[in-house]
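Descriptive analysis of the structure
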Amino acid sequence: MANALTDFIRKRDFLVCMDSDGCVMDTVRIKHCSVFCPELIRVFGLEAHTDFITSGISRFESAVLIFDRLKNRGIDVPGSEDIAAWVSTASELSTASLQQEVLRSGSLALRKLQEWNNACNRRIQALEPTFKPFPDVEYSLHQLHTVADVAVVSAANESAI
């Protein structure tokens, strides 16, 4: 696997990068339905609100949106403001960035977010490797490659890829 762009050798005038999750591979729906939401419900004790919780974006951003939506319905998730503050100010939304903020702040809510994130990572690793590219992705990438360098990129940790 290429290391970021350090191994990239330009061959064409343009570079097109496509995210693996949800653009090339049909993974987002599976991960959100099978992992992110169930673990969010379990870790934050939101079992009574499972019918309301949905997903569709970065796991950390989706947690903030879900907590905001719950708050609008009169349901408070303690410490959700710490989570929202980190999500809105972090230079990157990653496990490493979250770990640094937990160590810096000592926030219980961020520790719970870290517990949820770690549980999600474990469950993703345990999923059967049935992820497949969307139909015609190979053909589309081949066609695009005739006019541009093409890279499939991901923010996911390497073991999940």
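As a starting point, this report considers the structure included with it. Since this is a predicted model, take the numbers as computed values, not measurements. (Residues numbered from 1 in each chain as written. Predicted model: local features only at pLDDT ≥ 70, side-chain atom pairs only at ≥ 80, totals over all residues. Heavy atoms only, no water.)

A look at unusual backbone geometry
- Phi is positive for Asp136, close to 70°, though the residue is something other than glycine.
- For Asp136, the location among the structural elements is in the loop between helix H6 (108-126) and helix H7 (137-145).
- Using a relative accessible area of 59% as the deciding quantity, one classes Asp136 as exposed. (Helix = DSSP H or I, 4+ residues; strand = E, 2+ residues; numbered from the N terminus. Buried < 20%, exposed > 50% of the residue type's maximum accessible area, 1.4 Å probe, protein only.)

Side note on the packing of helix H4 (residues 80-89) against H6
- It is at 7 Å that the axes of H4 and H6 come closest, and there the two elements cross at 70°. As far as their axial angle goes, H6 and H4 are roughly perpendicular. Contact residues: Asp82, Ile83 and Trp86 in H4; Ala109, Leu110 and Leu113 in H6. (Axes fitted to C-alpha atoms, helices over the stretch in contact; angles between N-to-C directions. Parallel < 35°, antiparallel > 145°, perpendicular 65-115°, else oblique. Contact = heavy atoms within 4.5 Å.)

Digging into the nonpolar core
- Ranked by size, the top nonpolar core spans 29 residues in total, and within it Leu40, Phe44, Phe67, Leu70, Ile83, Leu113 and Trp116 carry the most contacts.
- If you list the elements that add at least two residues to this core, you get helix H2 (28-43), helix H3 (59-72), H4, helix H5 (95-105) and H6.
- In this view, Trp116 contacts Phe36, Glu39, Leu40, Val43, Phe44, Arg59, Phe60 and Ala63; residues no more than four positions away in its chain are not counted. (Core = buried A, V, L, I, M, F, W, Y, C linked by side-chain atoms within 4.5 Å.)

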